[in-house]
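# Working through the structure, step by step
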Amino acid sequence: MSPNTSAVYVLIILAFVGIASGKFPRLAMNRASIALTAAVLLVVLGGLTTHEALAAVDTETLALLLAMMIIVANLRVSGFFLIAGGRVLSIARSPRILLAIVVLISGVLSALFLNDTICLMFTPLVAEMARRSGRDGRPYLIALATSANAGSSATSIGNPQNMLIASQSGIPFGTFVLALGLPSLIAMLLSYWMTVLMFPSEFRANTMLRQPANRVTADAEAGHAEVSPYLMYKSLAASALLLVLLLAGVRTSHAALIAASVLLITRRVHPERIFAEVDFTLLVFFSGLFVLTAAVARTDAFAMAMQWLTPHLQRPGGLFAAAIALASNLVSNVPAVMLLSPAARAMANPQPAWLMLAMASTFAGNLTLLGSVANLIVAEQGEKSGIHIGFVDYLKVGLPVTLLSIAAGTLWLGIIL
């Protein structure tokens, strides 16, 4: 460590507090700006050299994130999410059916695309659906968030932390699905049942929606004037190509880059329009976070903690899952994965540890309203639609879903691995 050890420790603590809360009082900073500023200051203070900081940035993970965002951007611009969501939701005729469809759509699409994107696209639609039907929008939006987190755990491309794990571990796409598909399905079912149990007045038996749901579809499609069937079919074809490459064993980042490149070869869509939909803030956040976690790994405190923890984590069991869940709710799931990666890598059989890390860190995001970015997106978008989700409203669903899903996932991985 550098001569400025105390300053480095203070900076690291402040950075993680800011990242966990998403802001600093009286400063117009977000998670990305906090992570990047902390990374620069760590180099200035001697926590890392410039070479060490640059080497800490995992360019393969950044490339994978960029490629997936390009694919999702094309689908969004084509109108796919709005139309698909509206048409599928239009079959709902009762609150329970509507809730089941929300959980199914959110979970399945989050496994194939980024969960944050699915929440961003479908929150306004679900909120409008609840408003037109005269229903309480809170349980549907809570289920949207929890099932998005649950479903995203099933694949190596469902969320940022799984992408990071796939990049570092090299675990094939098919192995991810076979190992985590069932726990993700269980977590989705838990999201449904816990929402029904915790909002009994909303889901009384034989309750019907006040208005036919298919009116939302027509309004949604009418409001989306720039639907492009050509781009939609091409984007879906590229998505299918991605899945074929992944199932064929092509490395996750390579498969995603190939599919994204196919979409960028076009005469009809200007690249500026697609790149405008890419969340470059997330790429900046990850870049700074790589440097920040590398600096943490070099501290004496982290070395001592790992020295104490390692003997207790010889195999990825319940203690490891509990440590992941705790860390994910202290510093958020992506930083937690970065910090606990050395522990997973050091195990005698690292593959089960990596899969446990993916499962527990993702499911832990369901614990509180602040547990994942997907949750915050749903809460903020819901507020714009006049639906306020309180911390306790979310907790009474999120707490049992998290505890039961992590327990089920840990038991399942212990059986099959």
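Residues numbered from 1 in each chain as written. Predicted model: local features only at pLDDT ≥ 70, side-chain atom pairs only at ≥ 80, totals over all residues. Heavy atoms only, no water.

Next up on the list: the packing of helix α8 (residues 137–152) against helix α10 (residues 173–198). Taken N-terminus to C-terminus, the directions of α8 and α10 make an angle of 170°; their axes are 8 Å apart at the nearest point. When the interaxial angle is binned, α8 and α10 end up roughly antiparallel. Our pair here, α8 against α10, has a crossing hand that is right-handed. Residues Pro139, Ala143, Thr146, Ser147, Ala150 and Gly151 of α8 lie in contact with α10, whose contacting residues are Ser184, Ala187, Met188, Ser191 and Thr195. (Axes fitted to C-alpha atoms, helices over the stretch in contact; angles between N-to-C directions. Helix = DSSP H or I, 4+ residues; strand = E, 2+ residues; numbered from the N terminus. Parallel < 35°, antiparallel > 145°, perpendicular 65-115°, else oblique. Left-handed = near helix turned anticlockwise from the far one by under 90°. Contact = heavy atoms within 4.5 Å.)

Our focus in this paragraph is the side chain of Ser106. Secondary-structure assignment places Ser106 in helix α6 (residues 95–112). For Ser106, a relative accessible area of 1% corresponds to the buried category. For Ser106, the side chain forms a polar contact with the main-chain oxygen of Leu144, separated by 2.8 Å. The residues touching Ser106, leaving out its near neighbours within four places in the chain, are Ile118, Leu144, Ser147 and Ala148. (Buried < 20%, exposed > 50% of the residue type's maximum accessible area, 1.4 Å probe, protein only. Polar contact = N/O pair within 3.5 Å; in protein donor to acceptor, adjacent residues only side chain to side chain.)

Let us now look at the nonpolar core. As a rule of thumb, nonpolar side chains are buried together in soluble globular proteins. Ranked by internal contacts, the top residues of the largest apolar core, which has 135 residues, are Ile71, Leu242, Phe286 and Leu292. Element by element, the count of residues in this core is highest for helix α4 (residues 59–78), at 12 residues. When neighbours within four sequence positions are excluded, Leu292 is seen to be in contact with Ile12, Ala15, Phe16, Ile19, Ala38 and Leu42. (Core = buried A, V, L, I, M, F, W, Y, C linked by side-chain atoms within 4.5 Å.)

The next subject is the side chain of Ser341. Considering the arrangement of structural elements, one finds Ser341 in helix α18 (residues 333–346). For Ser341, the side chain forms a polar contact with the main-chain oxygen of Val337, separated by 2.6 Å.

For the rest of this paragraph, the subject is the packing of helix α1 (residues 5–21) against helix α15 (residues 280–297). For any two helices packed against each other, one specifies the inter-axial angle together with the distance between the axes. Two elements in contact, α1 and α15, have axes whose closest approach is 11 Å; the angle formed by their N-to-C orientations is 140°. One way to sum up the angle between α1 and α15 is to call them oblique. The handedness of the crossing between α1 and α15 comes out as left-handed. Residues Ile12, Ala15, Phe16 and Ile19 of α1 form the contact with α15, whose participating residues are Phe285, Leu289, Leu292, Thr293, Ala295 and Val296. When the residues that make up the contact of α1 with α15 are grouped by side-chain class, the tally is 9 nonpolar, 1 polar and no charged. (Nonpolar A, V, L, I, M, F, W, Y, C, P; charged D, E, K, R; others polar.)

Here we take up the packing of aromatic side chains. This structure, assessed with the given rule, holds 4 aromatic pairs. Ring plane angle 80° and centroid distance 5.1 Å describe the contact between Tyr192 and Trp193, whose orientation is recorded as edge-to-face. For Tyr192, a relative accessible area of 13% corresponds to the buried category. Classification of Trp193 as partly exposed rests on a relative accessible area of 46%. Aromatic side chains Phe285 and Phe286 sit 6.1 Å apart centroid to centroid with 90° between the ring planes, which places their arrangement in the edge-to-face category. Each member of the pair, Phe285 as well as Phe286, carries the same accessibility label: buried. (Phe/Tyr/Trp six-rings, centres within 6.5 Å; stacked < 30°, edge-to-face > 60°.)

The next subject is α1. A rise of 1.5 Å per residue sets the reference length of α1, with its 17 residues, at 24 Å; its end C-alpha atoms lie 24 Å apart and thus fit the reference within 8%. Within the sequence span of α1, burial applies to Val8, Leu11, Ile12, Ala15, Phe16, Gly18 and Ile19. In an axial view of α1, the angular spread of the buried residues amounts to 160°, which keeps them on one side of the axis. The outward face of α1, more than 90 degrees from its buried face, is lined by the exposed residues Ser6 and Ile13. One or two steps after α1, the chain reaches Gly22, where phi turns positive at roughly 90°. (Expected span 1.5 Å × (residues − 1). Arc of directions from axis to C-beta.)

Evaluation of the coordinates by the stated rule reveals 6 salt bridges. Across the pair Glu60 and Arg251 runs a salt bridge whose closest N-O atoms are separated by 2.4 Å. With Glu60 in helix α4 and Arg251 in the loop between α12 (229–247) and α13 (252–264), the pair connects residues that are 191 residues apart, well separated along the chain. With relative accessibility at 22%, the residue Glu60 sits in the partly exposed group. Since its relative accessible area comes to 34%, Arg251 is described here as partly exposed. Of the charged contacts in the structure, one is a salt bridge between Arg138 and Asp136, with a shortest N-O distance of 2.7 Å. A relative accessible area of 25% places Arg138 in the partly exposed class. Look at Asp136 and you get partly exposed, because its relative accessible area is 25%. Salt bridges linked by common partners bring Asp136, Arg138 and Asp393 together as one network. (Salt bridge = Lys/Arg side-chain N within 4 Å of Asp/Glu carboxyl O.)

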